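# Residue-level structure breakdown
Below, each chain spelled out in residue letters.
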Amino acid sequence: MARRNLRKGMTMIGPTPGLRVKQLEVRTRKDSGRNRSRLVEVAIKQSNVTSPMRSSCLSTPSKHSRSPSKQHFWSVDDETNVADMAQPPIDPIRLPRTMNDYIREWLRHKEDLLRILLEMEAAPSPRNCTKCGKDGVYRCTDCMHQPLFCTDCCRILHEAHPFHRIQQWTGEFFEDSALHMTGFQLYLGHNGAPCPSASPGPEHGPSEGQRYKMDTRAGGMGMVEEEWEDIDEVPLHLRPPANSKYLTIIDVTGVHFVRVQPCQCLDADSYHRQLFQAKLCASTFEKPSTAFTFAVLDDFLRENLECGTSGMNYYSKLRRVTSNVFPHLVPNRYRELLRLARQWRVLKLLKWNGFQDETERSSPGDLALFCAACPQPGINVDPDVDLDDWKYTRTVVMDGNFKAEHMHEKRPDDQVWLMDGRGFMVAHPPYQEYLQATPHITEKSACHNHRAISQANVSRGKLSATGIGATACARHGCFYPHSVVDFQKGERQLNMDYSLSNALGYNMTGIKNVLCFYDINCSYMKNLRKRVNNSPFLHIPSSLQIVPGIGIWHVHGHKQECYARYAPLFLRGSGWVDGEIIETLWSILNIVSASTRGMSSPHRQELLDFQMNDSNFMKMIRIVDSLSRKLKAARASVAMARDAFTKLDEAISSENRQAWSIQEESALGGCVRDVSVMDIFEIQLKKAPTVRAVELELLEAPSQRGTRQGAASWITRSLGIEESEITLAITRKDSSKYPSETKRLAMARRADRLAVDRSRFIADGQIYLAPLHQGTDADDYSAGMTDVAHHMSAVDDVVSGEEDSEGSMDEAADAVPLKMTKIAPLPLPSNFGIERCRAAGADELVEMELKLRIGQANDALHGLRIALADKAVAFRGVVRKATSYSMRTRAWQMVNSIDISVRQQATIYKRCREAMIALGADTDTLTHFQQLQKSHMAVHTAAFSQNAHDHRSSNLPWFWCMDIPRTTSSKNWLTEFYRIHWLRAKAVKDRWEEEEDLLVSEFHWTMNFFKFRAKKWNKKCVSFKAAGLHGAACYAARQKAVYDRLAEQGASKWLNMSPEILPLNQ
């Protein structure tokens, strides 16, 4: 039936000679986010078709074929089309080609391409110079078409290309050569022409007898000027010019030996300045022998940014480019490359930021580029607007990265800092002064034991820095200038305090609200203001409100209440942000972090600063496209969120709507002062009380007359002693028949400690049970309690049913229980009997123990639920997947250890219930705390299979819903269900509406940022022209044009957005 309907809605292609009809499924995505799938027929050209009747489009569909793409649907209309073959031809649709299609096409041309490649090794016939027609000796491999030249033409035509690679014809093949062998010289000054003032004096250079041999320095990869008799073994292009001055120049095409003739006019610049003007960076200023081209320095920085190439690997590549067969004979200039790369980075940053000379006043982070879309008063935001509005909230994210390690330096006092504190890393001396003056205070987390807290004081002897900590904008992922710090041990709070303090002082004038995301904000933000106020190095304005948040990925690793308090979904003004964007920044920075491990501190700082600056630059030039995509997605999501919330809002009463709105507004307004008010986004129904909760309630309640102080804690001690005795008894029973001496000693020590605790408890009991102890022996109150072995034997009868038919733990563990000894009961009201306690006036003690027993029973049932769940997981994921004897043995050992916990919790619960009966618990309490049955202990792994048949007829035992209070009615549960869903649906709607508003504002702020930068460069251009700095003025004009172009592209993107995506009034 479905097939008939599908055929009815399709446009059929009639049978056509030479064409094969095939159906394709086309999936499109609507603006609403829904996917649309439809089938279309395409005509594919096929070869060797003798008859249209043999085409696959006329084949009868097989009864086994279910996919519509396997055949062409046949209809009655097709039968009429068969007779009429005189219809116009159909142009076949060209399907998109895959990579394999292109490779298959290349295979057909492989041999021909190889033949051409080999023919290029031979000299052309005739072997004449392409310029003058003389005998051609040299050919240039870098020029187009590899032209053949004579010696003179090769030298003359390469005056503008001094670093091309040439080859020389030997009579049989082309051998690598060098331009200096043609007599080429590089002239400095006079636009590359020889200096008219130069005198033909004696040239100073290596004598004819000087040769080169392997350099043993730096791994033996260089060359030194010493005698080497086997000079003929060195290739021609690796031999420097003899009897003349030459310079070793490193370019992207390799290492070259070039004769250099400087200008010798009276007003000529110094030698290193002439080299720099020729775009050659000399390695030294006095008698330089090595120089690097601007091109190779730019290429190295670019490869370091994009590929993470280290200096060693890059120079190794240059040696291979110079000579692929003899790279070890190429001079080693690795150290010179590292030194000049440092200098080149600083020069680039000074140029990019408009620093003509160092007389201009520098400030922290002035060589760094920040986010274009974040609100910055005076730059992209008018400082006169109301900055208290939620849209001007700064959203920051903090995190640590332990990949950026740094080893101790050999000479830490002999360092040269080129841009200390002017990039993203903080200035070194002030930071060290802050660390020495600030003690680290270890604060125990009330949340889970996070690694950032537990390893805060972890020290590593070989590392001076175990990592870095940084602050970035949480919406766009741009690093904050002058906010990246080194970790000396772990991720300590004092390190992150310094980072946050510097970040919140960068272009923040007038901003009053900050939304800060950090993985451990539940602990970090508690005493932040106290730490800042106690340190003279930190400054965060008291008027600045900081709302803490935790990234959506990390918040699920915290305890349950942290989700409502710190998740981005419930933070007003955050928009639709995840708070985890800094993790993506680390992945880029980690590429070069390994190469900075052994660098000096200044070199490491400069490289990391350059990497982070490039990261921010790439964010800036792509920010318009990013905002456009996000705005389109936000528009669609806002409509969906509003529709979902409207449907839910219409289903509730006006009273509930008003009450829940007040709750939400109160929580969002007071979360800065107290984050616990955000708990309204979680279920508010109380859970079953625990022993600690009951004890705390009893201790905080006013004591009644006749009750001694400390009675509640005294009874709680007895519960702990009983649990320890039960645990020890179960451990003894599960021990093997012949336990080891170490295990027996451990059990004996535990028994001894319990005996001491029991004695102290009985001695203290004389104070609280003095009337009951008069004339009383232990046998008089033993009727209310049997020995532990009795409880365990009863529980063993209960804890014997296991999961399906997998077998039980008792069958797997071949354990012989040791002989159990009777343990004398403790002097408690439950052992004396309720009548005797009332007669002695100990009613208050009876009530205390009953409440504590209820709490103990809740704890035991909670532990029982966890143990049974672990057991089901072990059966499902370990026992069933065990494929060998050893794996199965370890799996059953795991089940055995879990089963011990099950018996322990069940024994404790049985003791609690007997004590409740002895204390006169009412019928409702005993009905609530039922007796454990054998069927209750069964573990069904079918709970992990959603479609398992067992779910249809099985029910969970009664204690699985014990956390739901007995006083909670179904009506209250339904109201709470609607309240939570209403609040969270409203939060989703609000966040998406905020995201839409923020994106529109960020679009305008980005345009303002580009315009501000253009005006700034225009002012510099005017000032440079007035000062006569024409080169600086031209560069400022070029930079202004760049930002003008970015602003124009942004404005064009804004105007090209359809009205459905962007409001017309914006």
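Let me begin by describing the structure that accompanies this report. The structure displayed is predicted, hence computed values, not measured ones.

### Notes on the overall build of the protein
A count of helices and strands for the protein gives 32 helices and 20 strands. The buried share of the protein, taken over its 1066 residues, is 45%. Across the protein, every contact between residues at least 6 apart in sequence was considered, and the portion connecting residues at least 24 apart equals 72%. With the model as given, the accessible surface of the protein reaches about 57500 Å², and the carbon-plus-sulfur share is 51%.

### Focus on the packing of helix α7 (residues 294-306) against helix α8 (residues 311-322)
One way to put it is that α7 packs onto α8 with a least axis distance of 10 Å and a crossing angle of 130 degrees. In this view, α7 runs oblique relative to α8, as classed from their interaxial angle. Crossing geometry of α7 relative to α8 is assigned as right-handed. Between α7 and α8, the contacting residues are Val296, Asp299, Phe300 and Glu303 on the first element and Gly311, Tyr314, Lys317 and Leu318 on the second. Along the lines of polarity and charge, the residues of the contact of α7 with α8 split into 4 nonpolar, 1 polar and 3 charged.

### Concerning the environment of His145
Along the chain, His145 turns up in the loop between β3 (138-140) and β4 (148-149). In sequence terms His145 and Met120 are 25 residues apart; their C-alpha atoms lie 9.9 Å from each other.

### As for the pattern of salt bridges
The final tally for this structure, using the stated rule, is 39 salt bridges. One salt bridge connects Lys989 with Glu993, and the closest N-O pair in it is separated by 3.5 Å. Residue Lys989 and its partner Glu993 are located together in helix α31 (residues 970-1026), separated by 4 residues, close to a single helical turn. By relative accessible area, Lys989 is classed as buried at 13%. Assessed through its relative accessible area of 21%, Glu993 is described here as partly exposed.

### Some points on the sheet that holds strand β19 (residues 513-517)
The sheet built from 5 strands is open, its strands ordered β18-β17-β14-β19-β20 with mixed pairing. Either end of the sheet is taken by a strand with one partner, and the two such strands are β18 (485-487) and β20 (545-549). Ignoring strand direction, the axes of neighbouring strands in this sheet form an average angle of 25 degrees. Summarising the sheet, strand β17 (residues 467-473) and β18 pair through 3 bridges and their orientation is antiparallel. In the strand pairing of β18, Gly467 is matched with Phe487. The sheet strands contacting helix α16 (residues 581-593) are β14 (394-401) and β17, and the helix crosses β14 at an angle near 45 degrees.

### Re the packing of aromatic side chains
The tally for this structure, following the rule as stated, stands at 28 aromatic pairs. With a centroid separation of 4.5 Å and an interplanar angle of 45 degrees, the aromatic rings of Phe370 and Tyr480 are classed as tilted. Of this pair, Phe370 sits in the loop between α9 (334-352) and β14 while Tyr480 sits in the loop between β17 and β18, and the two are 110 residues apart along the sequence. Taking 6.5 Å as the distance between ring centres and 70 degrees as the angle between the ring planes, the aromatic pair formed by Phe424 and Phe479 counts as edge-to-face. In this pair, Phe424 sits in the loop between β15 (406-407) and α10 (428-437) while Phe479 sits in the loop between β17 and β18, placing the two residues 55 residues apart along the sequence. For Phe424, a relative accessible area of 1% corresponds to the buried category. Taking relative accessible area as the criterion, Phe479 reaches 1% and is therefore assigned buried. Put simply, the rings of Tyr431, Tyr434, Tyr498 and Phe537 touch in pairs and so form one group of aromatic residues.

### Details of a nonpolar patch on the surface
There is a patch of nonpolar side chains on the surface, built from Met99, Ile103, Trp106, Leu107, Leu113, Leu114, Ile116, Leu117, Leu118 and Met120 and spanning about 1000 Å² of accessible area. When residues of the nonpolar patch are traced back to their parent elements, those giving at least two are α3 (99-107) and α4 (110-119). The greatest single-element share of the nonpolar patch, amounting to 5 residues, is contributed by α4. Tracing the sequence through the fold places Met99 in helix α3.

### Describing the sheet that holds β4
With antiparallel pairing, 4 strands are arranged side by side in an open sheet as β4-β3-β5-β6. Taken across any chain shown, the strands that pair with only one partner, and hence form the sheet edges, are β4 and β6 (174-177). In terms of strand pairing, β3 meets strand β5 (residues 166-169) through 3 bridges, oriented antiparallel. For Tyr138, the partnering residue across the bridge sits in β5 and is Gln168.

### A short note on the pairing of β19
In regular strands, side chains alternate between the two faces of the sheet. Within β19, 5 of the 5 residues are buried, leaving the element largely enclosed by the surrounding structure. The alternating pattern of β19 places Asn513, Leu515 and Phe517 on one face and Val514 and Cys516 on the opposite face, and all of these are buried. Judged from the 5 bridges that link them, β19 and β20 form a sheet pairing that is parallel. Note on β20: the bridge partner recorded for Phe517 is Gly549.

### Some words on the side chain of Glu336
With respect to the helices, strands and loops of the structure, Glu336 is situated in helix α9. For the buried Glu336, no salt bridge is present, and the opposite-charge side chain at shortest range is Arg333, 4.8 Å distant. The contact partners of Glu336, leaving out residues within four places of it in the chain, are Ser283 and Phe292.

### Quick word on the environment of Gln905
Structurally, Gln905 can be placed in helix α29 (residues 885-918). A relative accessible area of 16% places Gln905 in the buried class. For Gln905, the contacting residues outside a window of four places in its chain are Asp859, Ala860, Gly863 and Leu864.

### Observations regarding the nonpolar core
Counting 67 residues, the largest nonpolar core has Leu500, Leu504, Tyr524, Ile546, Met620, Phe1010 and Tyr1043 as its most contacted members. With 11 residues, α31 is the single largest residue contributor to this core. Setting aside residues no more than four positions away along its own chain, Phe1010 makes contact with Met620, Ile623, Val624, Tyr1043, Leu1046 and Ala1047. By size, the runner-up hydrophobic cluster in this structure holds 49 residues, among which are Ala472, Ala474, Ala564 and Leu668.

### Thoughts on helix α20 (residues 691-700)
Looking only at α20, the buried set comprises Val691, Val694, Glu695 and Leu698. Along α20, the residues classed as buried sweep out an arc of 100 degrees about the axis, all on the same side. Set apart from the buried face of α20 by more than 90 degrees, the exposed residues are Arg692, Glu697 and Glu700.

### Considering the pairing of β17
A large share of β17 lies buried, amounting to 7 of its 7 residues. Because side chains alternate across β17, one face comprises the buried residues Gly467, Gly469, Thr471 and Cys473, and the other comprises Ile468, Ala470 and Ala472, equally buried. Relative to β17, β14 runs antiparallel, the two sharing 6 bridges. Considered in β17, the bridge of Asp399 is made with Ala470.

### Focus: the packing of α7 against helix α17 (residues 601-621)
Relative to each other, α7 and α17 sit at 75 degrees, their axes nearing to 10 Å. Taken together, the axis directions place α7 and α17 in an arrangement best described as roughly perpendicular. Contacts between α7 and α17 pair Leu301, Asn304 and Leu305 from the former with Leu607, Phe610, Gln611 and Asp614 from the latter. Split by residue class, the contact of α7 with α17 holds 4 nonpolar, 2 polar and 1 charged.

### Brief notes about the side chain of Asp519
By secondary structure assignment, the location of Asp519 is in the loop between β19 and α13 (521-524). Within the local environment of Asp519, its side chain forms a polar contact with the side chain of His554, the two groups lying 3.4 Å apart. Non-local contacts of Asp519, meaning those with residues more than four positions away in its chain, are made with Met398, Asp399, Ile550, His554, His558 and Glu583.

So, how was this worked out
- Residues numbered from 1 in each chain as written.
- Predicted model: local features only at pLDDT ≥ 70, side-chain atom pairs only at ≥ 80, totals over all residues.
- Heavy atoms only, no water.
- Helix = DSSP H or I, 4+ residues; strand = E, 2+ residues; numbered from the N terminus.
- Buried < 20%, exposed > 50% of the residue type's maximum accessible area, 1.4 Å probe, protein only.
- Contact = heavy atoms within 4.5 Å.
- Areas by Shrake-Rupley, 256 points an atom, 1.4 Å probe, with all protein chains shown as cover.
- Axes fitted to C-alpha atoms, helices over the stretch in contact; angles between N-to-C directions.
- Parallel < 35°, antiparallel > 145°, perpendicular 65-115°, else oblique.
- Left-handed = near helix turned anticlockwise from the far one by under 90°.
- Nonpolar A, V, L, I, M, F, W, Y, C, P; charged D, E, K, R; others polar.
- Salt bridge = Lys/Arg side-chain N within 4 Å of Asp/Glu carboxyl O.
- Pairing = 2+ DSSP bridges.
- Phe/Tyr/Trp six-rings, centres within 6.5 Å; stacked < 30°, edge-to-face > 60°.
- Patch = residues over 30% accessible without salt bridge, like charges linked within 9 Å, V, L, I, M, F, W, Y side chains within 5 Å.
- Lys, Arg positive; Asp, Glu negative; His and termini not counted.
- Core = buried A, V, L, I, M, F, W, Y, C linked by side-chain atoms within 4.5 Å.
- Arc of directions from axis to C-beta.
- Polar contact = N/O pair within 3.5 Å; in protein donor to acceptor, adjacent residues only side chain to side chain.

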